[in-house]
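Structural features, examined
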Amino acid sequence: MDALYFLQHYWWALVSLLGALLVFLLFVQGLQGLIFNVASSQQEKDHVVKYAGHKWEITFTTLVTFGGAAFASFPLFYSTSFGGAYWLWIAILFCFVIQAVSFEFRNDAGNILGAKTYETFLFINGALGTFLLGVAVATLFSGGAFTVNKGAITDVSAPVISQWTNGWHGLDALANPFNLLLGVVVFAAARTLGLLYLCTKEDIGDFKEKCQKRVYITSIIFVVTFVAFVLWLMLRSGLSVDPATGIISEEPYKYLHNMIQVWPLAAIFLIGVVLVLLGLGRHFLGKGLSKNFYIVGGGTVLAVFALLLCAGFNNTSFFPSTIDIQDSLTLYNASSSLFTLKVMAIVSIAIPFVIAYIVWAWRKLR
Amino acid sequence: MYENLVELSRWQFAVTAMYHWLFVPLTLGLGFIIAFMETKYYRTGDEFWKRTTKFWMKLFAINFAVGIATGIILEFEFGTNWSNYSWFVGDIFGAPLAIEGIFAFFMESTFFAIMYFGWEKVSKKAHLVSTWLTAIGTNLSALWILTANAWMQYPVGMAFNPETARNEMVDFWSILLSPVAINKFLHAVTNGYVLAAVVVIAVSAWFILKQREQELARKSIKVASIFGLASLIVLIGTGDGSAYNVAKVQPMKLAAMEGLYDGQEGAPLVAFGILNPDKEILEEEGEEEDPYLFDISFPKVLSFLATRDFNGFVPGVNDIIEGGYEFTDMEGNTYIEPSFEVKKEMGSKAVNALASFQTAKESGNQAAMDSARAVLDENFKYFGYHYVEEAEDLVPNVPLVFYAFHIMVTLGMFFIVLFIAFWILERKNLLEKKKFRWVLWIGIISVPLVYICSQSGWIVAEVGRQPWTIQNLLTTNASVSGVGSGNVLTTLILFIVLFTTMLIAELSIMFKQIKKGA
């Protein structure tokens, strides 16, 4: 195994881990989604805003770092997906930009728009932001209508390397039911985690009971849609790349094959699923409310991590082109150079240290 | 249509960057000012310092949120609007952004949360450390993004790979430690410190005028004027360094900054000037218009700034287009500068060689690949000139760069006087005296001035960089995503509405907060 091959996989794993942590941290968005229909009184809204407000920056920074890491390690993905699925990413950006100011501005005197508007911003971020991120992640499996021609740079009149071939520029991702399904899964997962997070709190009074009950419906939607998505994924075909020639071909049950052929993926995935079900089962039995959030959250991280690894490992195209499969992106044709990946690998040694101080801060601001 | 797309994409990026830079510099400087103040509190236990720290911290927090909001858009716009750029140089450019995320963003956001919400939840010492780490984190993120920006102006530490049609990193340290990067980092962050110092002085001056929060105001003025003055010295020093670097790596930018069309030995520095709108590049001999309608200049100073020799030759716009003069570059190589035609020819050779390389690769012709590669390597230095149609496209917007540069320098000099005046008046207990009320007012009106100064600096750096995104290697035209100008126009309008609303809300909250006092 040569160094480049290893580092391409190492960086895909790190990007996947960031993605998985991001999905877990979307519990903040899940909390924000409660602001209108679950939190009915002013006091309940304040609880939601307070607990989301102490943690939102970690989620936000994870999203930013996910973007930065994807740029640094797989720049062709960055330019193809972001520059192609323009509207999808811009919509996600909008959902997050309006969040960033809302926590601070909501209660400040002179905020012009009024508290209600900032609450609406938080709600949009919580509901639409999670859904759209799910849709965007689903395109790693379902692909996009793009072509890539690295030689295009020599054409002065139109030197564009990656082209989206339709005028919808990413809105077309919303017309694919597979993508929409993952959007719903991520939305329901975030909401379930948000509710479970509030169930760990002692100082929110009757609101806790309300959240406890809400978990029942939300988590059932989460589990059902999640199972449906995974079944769909396992049954669909994927694109397989020959690492020696770079030639890409369609393979039925590609993702199922990945899980079987690279058994640790299946193991991580199953442990994740078991943890999610365990945490939810305990909740339904009314047991250990202070810990279920962490059990379900940990399970979510593992399950999402395994699914994202499944998108790129085992010689799979992690961003298929629906126009010409040979233009599909793989870990081999989209990555940075060996040197850059090495530099970044050295940098990544700092990650455990970063996680350690985040955990410290998390516990202090519980 | 394509020109429209490029123009609109530029506008979108410029608007985002300029709004971003309205919020970021204040946090860069205010972070340290707060940290000084909390250190005072930690050492003395005096509740006054805690109250003062908390007051400025609130203003920090309001800015911080909008800085984050505009920052994420900038990062993603490299992909959404400059996708070609992202592939062509992503191998180098992406790394600093990722490192910024891993090292700096988590640091600032995590410790900001402790600093802002954690007064009762962590020990006094842990809180102080968090405040310092927030300040350091914000400055660290500036380090990485400015390193990336410096690399666009002075691309080093990379090699072009024709197999992947992109530039690839070969030397990380030469990118991080390039003299342009170091100078740019120091210049930009000290600019933030000066800006924050002016804001602190202005708010304090207002308190004194209103006869409120006198102690907080006076002590804040003391901290801010010393901090501002010290930072300004570094700012001016690195400003000089910038001019020297620009002369070496982007002589066209320097020519535009000074409105210098025809180069000369012992070139003067224009202190104040009005450009002649009839001046054009490459005028017929004997029919040259004077570049200025009016100017006051310091003889030979520009030559000294650019070459460290009062009689050194500084090329003007026309010289750079026509070539033929002796030029010493950043690495110390001296050569006769080629003309635009020669550079364009070399650029075209390089681009065509890349095309032949790829054709040869497809047919598996190793010999043809090798020979194409040799031509490419030989001419790569001017790769981007292939995309520059006319000589005049090589010249950035001279009036914009010229006036922005002179506004920046003039205001920078004014702030020296401002800081010294406030420092002395505070020491001599004269700030509350009626006859010095006008000084307080000057302090207040300095706030818009310092923002104009700061934005002008970026206009010089980035408009002066045109037509390049990567100096000599990639033009702005060739960097853009193919998304269609209608899409970009729509998002541009949406962003402008969003940012302007955020700015108005932010200012309104800041004013209310200041009125409320500590």
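Please refer to the structure higher up on the page.
The rules we used
- Residues numbered from 1 in each chain as written.
- Chains lettered and ligands numbered in written order.
- Predicted model: local features only at pLDDT ≥ 70, side-chain atom pairs only at ≥ 80, totals over all residues.
- Heavy atoms only, no water.
- Helix = DSSP H or I, 4+ residues; strand = E, 2+ residues; numbered from the N terminus.
- Buried < 20%, exposed > 50% of the residue type's maximum accessible area, 1.4 Å probe, protein only.
- Contact = heavy atoms within 4.5 Å.
- Patch = residues over 30% accessible without salt bridge, like charges linked within 9 Å, V, L, I, M, F, W, Y side chains within 5 Å.
- Areas by Shrake-Rupley, 256 points an atom, 1.4 Å probe, with all protein chains shown as cover.
- Salt bridge = Lys/Arg side-chain N within 4 Å of Asp/Glu carboxyl O.
- Phe/Tyr/Trp six-rings, centres within 6.5 Å; stacked < 30°, edge-to-face > 60°.
- Lys NZ or Arg CZ within 6 Å of the ring centre and 35° of its normal.

Quick look at the environment of Gly 464 of chain B
All names here are of chain B. Positionally, Gly 464 belongs in the loop between helix 15 (437-463) and strand 9 (468-470). Residue classification places Gly 464 among the buried residues on the basis of a relative accessible area of 4%. Separated by 66 residues in sequence, Gly 464 and Val 398 place their C-alpha atoms 8.1 Å apart. Those residues in contact with Gly 464, other than ones at most four positions away along the chain, are Lys 253, Pro 396, Val 401 and Ile 459.

As for a nonpolar patch on the surface
All names here are of chain B. A cluster of nonpolar side chains, contributed by Phe 272, Ile 274, Leu 293, Phe 294, Ile 296, Tyr 403, Ile 407 and Ile 452, occupies part of the molecular surface with about 730 Å² of accessible area. Every element with two or more residues in the nonpolar patch is listed here: strand 4 (269-275), strand 5 (292-298) and helix 14 (398-427). Sort the elements by how many residues they give to the nonpolar patch and strand 5 lands first, with 3 residues. Mapped onto the elements of the fold, Ile 274 is located in strand 4.

Observations concerning unusual backbone geometry
Residue and element names in this part refer to chain B. Here Gln 466 and Pro 467 are connected by a cis peptide whose omega angle stands at 5°. If you check the backbone angles, Glu 213 has positive phi at about 45° while not being a glycine. Considering the arrangement of structural elements, one finds Glu 213 in the loop between helix 7 (179-209) and helix 8 (214-249). In this structure Glu 213 comes out as buried when scored by relative accessible area, which is 18%.

Some words on the pattern of salt bridges
With the rule as written, the count across this model stands at 20 salt bridges over all chains. The shortest N-O distance in the salt bridge between Glu 104 of chain A and Lys 58 of chain B comes to 2.9 Å. With Glu 104 of chain A in helix 6 (residues 86-106) and Lys 58 of chain B in helix 2 (residues 47-80), this pair bridges two chains. We note that Glu 104 of chain A, like Lys 58 of chain B, is buried. Between Glu 213 of chain B and Arg 51 of chain B there is a salt bridge whose closest N-O contact spans 3.5 Å. With Glu 213 of chain B in the loop between helix 7 and helix 8 and Arg 51 of chain B in helix 2, this pair connects stretches of sequence that are 162 residues apart.

Focus: the packing of aromatic side chains
Applying the stated rule across the entire model yields 84 aromatic pairs over all chains. Taken together, a centroid distance of 6.1 Å and an interplanar angle of 35° make the contact between Phe 24 of chain A and Phe 27 of chain A tilted. Neither Phe 24 of chain A nor Phe 27 of chain A differs from the other in exposure class; each is buried. Taking 6.3 Å as the distance between ring centres and 55° as the angle between the ring planes, the aromatic pair formed by Phe 60 of chain A and Phe 96 of chain A counts as tilted. Residue Phe 60 of chain A is located in helix 4 (residues 56-73), and its partner Phe 96 of chain A is located in helix 6; the two are separated by 36 residues in the primary sequence. Exposure class is identical for Phe 60 of chain A and Phe 96 of chain A. Each is buried. Members of the aromatic cluster, joined through ring pairs, are Phe 71, Tyr 78, Phe 82 and Trp 89 of chain A together with Phe 13, Phe 76, Phe 78, Tyr 85 and Phe 93 of chain B. The ring of Trp 362 of chain A is capped by Lys 55 of chain A, whose NZ or CZ atom sits 4.7 Å from the centre of that ring. Positioned over the ring face of Tyr 41 of chain B is Lys 124 of chain B, at 4.7 Å from the centre of the ring.

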